[in-house]
Amino acid sequence: MHRETEPATTGLHVVRATESFDRFYLREYPQMVAVVVALTGSRWAAEELTQEAMLRAYRSWDRISRYDKPGAWLRRVTINLATSHLRRRVAEAKALALLALRVQTPLPAQPEPDAALWDAVRQLPKRQRQSFVLHYVDGLSLAEIADVLDIGETTVKTHLQRARQSMQQELGEEDIQ
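Everything numeric here is computed off the predicted structure, so don't read it as measured data.

(A) Representation of the nonpolar core. Grouped together as the largest cluster of nonpolar side chains are 20 residues, with contacts concentrated most on Phe-24, Trp-73 and Leu-74. Those elements that provide at least two residues to this core are helix H1 (21-40), helix H2 (43-59), helix H3 (61-64) and helix H4 (70-101). Leu-74 has contacts with Phe-24, Glu-28, Met-32, Ala-53 and Met-54, leaving out every residue within four places of it along the chain.

(B) Summary view of the pattern of salt bridges. Across all of its chains, the model carries six salt bridges by this definition. Residue Glu-52 pairs with Arg-56 through a salt bridge whose shortest N-O separation is 2.9 Å. In this pair, Glu-52 and Arg-56 both sit in helix H2, four residues apart, roughly one turn of the helix. Classification of Arg-56 as partly exposed rests on a relative accessible area of 37%. Arg-122 is the partner of Asp-119 in a salt bridge, and the nearest nitrogen-oxygen pair spans 3.1 Å.

(C) Structural detail: unusual backbone geometry. If you check the backbone angles, Asp-150 has positive phi at about 60° while not being a glycine. Counting through the fold element by element, Asp-150 comes out in the loop between helix H7 (142-149) and helix H8 (153-171). Relative accessible area serves as the criterion here: at 70%, Asp-150 is assigned to the exposed category.

(D) Structural detail: a negative patch on the surface. On the surface, Asp-138, Glu-144, Asp-147, Asp-150 and Glu-153 cluster together to form a negatively charged patch. Note on Asp-147: relative accessible area 65%, which makes it exposed.

(E) Representation of the side chain of Ser-131 within the structure. Structurally, the position occupied by Ser-131 is in helix H6 (residues 126-136). Overall, Ser-131 belongs to the buried group, its relative accessible area being 0%. Reaching out from Ser-131, the side chain makes a polar contact with the backbone oxygen of Arg-127 at a distance of 2.9 Å. What Ser-131 contacts, discounting residues up to four positions off in sequence, is Ile-145, Leu-149, Val-156, His-159 and Leu-160.

(F) Structural view of the packing of H6 against H8. Between H6 and H8, the least distance of the axes is 8 Å, while the angle of their chain directions is 95°. Judged by the angle between their axes, H6 and H8 are roughly perpendicular. Side by side, H6 and H8 meet where Arg-127, Gln-128, Ser-131, Phe-132, His-135 and Tyr-136 of the first sit next to Val-156, His-159, Leu-160, Arg-162, Ala-163, Arg-164, Ser-166 and Met-167 of the second. Looking at the contact of H6 with H8, its residues break down into six nonpolar, five polar and three charged.

(G) Local environment of the confidence of the model for the protein chain. In this model, the protein chain carries a mean pLDDT of 82, and residues with pLDDT of at least 70 account for 81%. The spread of mean pLDDT over the elements of the protein chain runs between strand S2 (residues 13-15), the lowest at 32, and H2, the highest at 96. Confidence over residues 1-17 falls short of pLDDT 50; this stretch has 25 contacts with residues more than four positions distant or in other chains.

The rules behind the values
- Residues numbered from 1 in each chain as written.
- Predicted model: local features only at pLDDT ≥ 70, side-chain atom pairs only at ≥ 80, totals over all residues.
- Heavy atoms only, no water.
- Core = buried A, V, L, I, M, F, W, Y, C linked by side-chain atoms within 4.5 Å.
- Buried < 20%, exposed > 50% of the residue type's maximum accessible area, 1.4 Å probe, protein only.
- Helix = DSSP H or I, 4+ residues; strand = E, 2+ residues; numbered from the N terminus.
- Contact = heavy atoms within 4.5 Å.
- Salt bridge = Lys/Arg side-chain N within 4 Å of Asp/Glu carboxyl O.
- Patch = residues over 30% accessible without salt bridge, like charges linked within 9 Å, V, L, I, M, F, W, Y side chains within 5 Å.
- Areas by Shrake-Rupley, 256 points an atom, 1.4 Å probe, with all protein chains shown as cover.
- Lys, Arg positive; Asp, Glu negative; His and termini not counted.
- Charge placed at Lys NZ, Arg CZ, Asp CG, Glu CD.
- Polar contact = N/O pair within 3.5 Å; in protein donor to acceptor, adjacent residues only side chain to side chain.
- Axes fitted to C-alpha atoms, helices over the stretch in contact; angles between N-to-C directions.
- Parallel < 35°, antiparallel > 145°, perpendicular 65-115°, else oblique.
- Nonpolar A, V, L, I, M, F, W, Y, C, P; charged D, E, K, R; others polar.
- pLDDT = per-residue confidence, 0-100.

Take a look at the structure:
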């Protein structure tokens, strides 16, 4: 199938017995679209996949045009593209079906947003903010926060104390526990 035709020589020029890509395209494109429509059931997919196969042929036309049957090469590439397309569609359909069947995991109840409070939290230095959120929103213990942040429990305790102090000053609250 990939046997190349022998070049004919005339004087100093090498003349190959190959057809132009334009001619090849015009001859093969309609039939390839029909083949892929039959395989995929989609005119849009057929045109896209055939264009992709033709682009690949065009990029390597110097080599492909010398094959005994460049149309066979095009068909193989086009059919491979259609097969890959169908595999992706099946995988997508399975994923969508699983997603539709999936039970939605309820999110934990969130405290009512207090804009001033959360603005103040976002103003805290990074470790204080992280410690504060992990403790008050996620409910983690000092030891658990220390594990998450990879710092000592005493450091977590210090960050929480400083965060509380900053929040009390910012919000004018007597006791933030």
